[in-house]
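Here's the letter readout for the chains.
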Amino acid sequence: MTPLLAARLGKKMQVRELAPFVLDAEYPSYKSPRRNSGPILRQLLGVATNNKAGHLTATRSHHNNRNWFVSKREKSGMAITVNAFACADDVLIAWEPAAWNDSWAGFCVEKRDERTHDIAPLKNRIPPKAGEAAVGQDGISSADSPIRRCIWIDHSVGLTDQVSYRVIPMIETAAGFDRDDANASVWTQPSLVTGRTADGISAFFNRGTLMSQVVSRLVGGDASAQSLRTFLAKLKDPGYVGRRYLSGDLRSELLGFLADADRRGNSIYAAIYEMNDAELVQGLKPFGARGHLLMGNGGATENWVMTDLHDAGFELFHRDLSKSGKSSPSVHNKFVVEVTPAGKALRVLTGSTNWTVTGLCTQLNNLVILDRPDVADRFLKQWHALVAARDDMPADLVDANTQPKDDGDVTLYFAATRGQAEFAPVIEAIRNARQGVMALMFTPGQSPLLTEILARAAENKIYVRSVVSSVEAQADDGSDAPGKIVRVSSQVIKSGAATKGFHNDVLVPSGVRENNRPSWAETEFNVAEMRAEHLMAIVHSKTIVIDPFSDDCMVITGSHNFSPSASQKNDENLVIIRGNKALAQAYAVHINGVYDGYSWRAYLGGGGNPGHIYAPLDGWKAGGARHQELAFWMGDNGTA
């Protein structure tokens, strides 16, 4: 069996061994093990073998788009309205009562599997009362420990699941909690979990954060430097459950893209910043002379990679804009084009993911696949232009990059450009946003896009949630240059927070540590330990979502770091996708989950009391601290 066939079979028979136990939302919903968790991982985490994932439902609303999870319960006299949105990994459920009952302590959320009709409550990782110990490695039913908020992320779903949800208020009694079934919501309509949309565009994500409870469980609670080194060594093994979990659907879809192209007898033209992951290299080898690779100047590429691909018959090129073996200016693309024997470009994958072990497993990344021949053809032309330019950035290449390629709802830019041309349509969209702006950024430097997002956050007129990761090395040049890392930090941006407090008040801590650990949590690895192992352990995605529930929604992604330096000096791609609500909502769910995990750690690191999660639900009511967030996900923003 060839590696590509094995990869494809592995994709079709995918085993989801792990689920994140990552803290969710300024109050944590630890991710719980997925339904088809493998027995090895179940033993590792102590997960009950009969633990089933549930089901999900929804009544279609103006938010819904094709097969994506958009579910809504109509407000015609019903007690609770429920919306559900999904990416390929998770479902975000939001609910709002028409009238509040002060006796409610929280909510039970039930899920229904529409294939088996099994119904089960979602699991909580938080004990029923403050100060209690961990609830057990398989979690606790939200009927026994209610969810004390109005937004929750279900991490137990998997690709192709069809699910529905309902929400039941819970009343605390001397004996525990009673269901208030009279005020329960109806089931949402069934929705299909998928990364694909009807416009030929798909999006997938990994789970690459080491600052998580699931990683702590994988290392048996040993958050020492030696434990981290041992764990990192295991991530190179394609069969290791930790690797399969952290790399997620992104890895399997990337390998599947290669396998499909190989099965059809097509060629690939790839431009990759850096590469050292053995499984991905094995996925390339079967193409032989049908494989064409332009390798960039990333510092993580190991010598054996080019040797192996040369021996397999690949046509190989190398491009170094520094002309001196440095990683900056960066040849920073991460795209692959599938091309027929007749030379017709069919589709392309791009995104933020470097083809390295760290890119797959220890950085948060995204992958977007565009089944759009015109877009793929422009990527193919760019590949040939970069090969012809060798180590230079000639004026005619910059001129061509500055002119966008439009294919209906997709606009494509390459860098370097003149006058930061690729930023202009994004700046305009951020300024005109009516619902919200959400973003993940890596080393954006003095990015005009970040400046605009901060301005909208300060206005506090729309919903803004962003996480910005920064790595300070020898110079702040917006590249992935490894250099000597002197500081790693991440910052959260939230609408209503003063801009002046951005750099001083919201630095994200290294992880849940012993001195800020809730009674029910495990200690996590810290940034100092990661930096010592040359890890940046960061948000590496580069993506912005604007007004995800609007017909004018926009998703911006690609390899571009959004920095002026990247615009002026680097090889980059930036893809703008308009009007695809399914895609925009998927990215919004992903970004919201990342923000929640980081903001919770920021809260704990700032001395916050984890017991605040047991406070009354007043913050979710109109005028409360969380109501703007709830209104965003409920669609109460005055726009369609």
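The notes below deal with the structure included here. None of these values were measured; they are calculated from a predicted model.

## A short note on the sheet that holds strand 18 (residues 366-370)
Inference 1: Here we have 7 strands laid out as an open sheet, ordered 12-18-17-16-13-14-15, and mixed in their pairing. At either margin of the open sheet sits one strand with a lone partner, and together these are strand 12 (201-205) and strand 15 (315-318). Between one strand axis and the next, the sheet turns by 15 degrees as a mean value, whatever way the strands run.
Inference 2: Note: strand 14 (residues 291-295) against strand 15, 4 bridges, orientation parallel. In the strand pairing of strand 15, Leu-293 is matched with Leu-316.
Inference 3: Seen against the sheet, helix 9 (residues 373-389) touches strand 13 (267-272), strand 14, strand 15, strand 16 (334-339), strand 17 (345-351) and strand 18 and runs at an angle of roughly 75 degrees to strand 17.
Inference 4: Each of strand 12 and strand 18 touches helix 16 (residues 581-605); the most contacted strand, strand 12, lies at about 10 degrees to it.

## A look at the pattern of salt bridges
Close approach of charged atoms lets side chains of opposite charge pair.
Inference 1: Summed over all chains, the structure comprises 28 salt bridges.
Inference 2: Between Asp-262 and Arg-290 there is a salt bridge, and its shortest N-O distance comes to 2.7 Å. Residue Asp-262 is found in helix 5 (residues 241-263), and its partner Arg-290 is found in the loop between helix 6 (278-284) and strand 14; the two are separated by 28 residues along the sequence.
Inference 3: Within the structure, one salt-bridge network assembled from shared partners comprises Asp-260, Arg-263, Arg-264, Glu-338 and Arg-347.

## Description of the pairing of strand 18
Inference 1: Among the 5 residues of strand 18, 5 are classified as buried, and the element is accordingly described as predominantly covered.
Inference 2: Two elements, strand 12 and strand 18, share 5 bridges in a ladder whose sense is antiparallel. Within strand 18, the residue paired with Ser-202 across the bridge is Ile-369.
Inference 3: As paired strands, strand 17 and strand 18 are joined by 4 bridges and run antiparallel to one another. When the sheet's bridge partners are listed, Thr-350 is paired in strand 18 with Val-368.

How each quantity is defined
- Residues numbered from 1 in each chain as written.
- Predicted model: local features only at pLDDT ≥ 70, side-chain atom pairs only at ≥ 80, totals over all residues.
- Heavy atoms only, no water.
- Pairing = 2+ DSSP bridges.
- Helix = DSSP H or I, 4+ residues; strand = E, 2+ residues; numbered from the N terminus.
- Axes fitted to C-alpha atoms, helices over the stretch in contact; angles between N-to-C directions.
- Contact = heavy atoms within 4.5 Å.
- Salt bridge = Lys/Arg side-chain N within 4 Å of Asp/Glu carboxyl O.
- Buried < 20%, exposed > 50% of the residue type's maximum accessible area, 1.4 Å probe, protein only.

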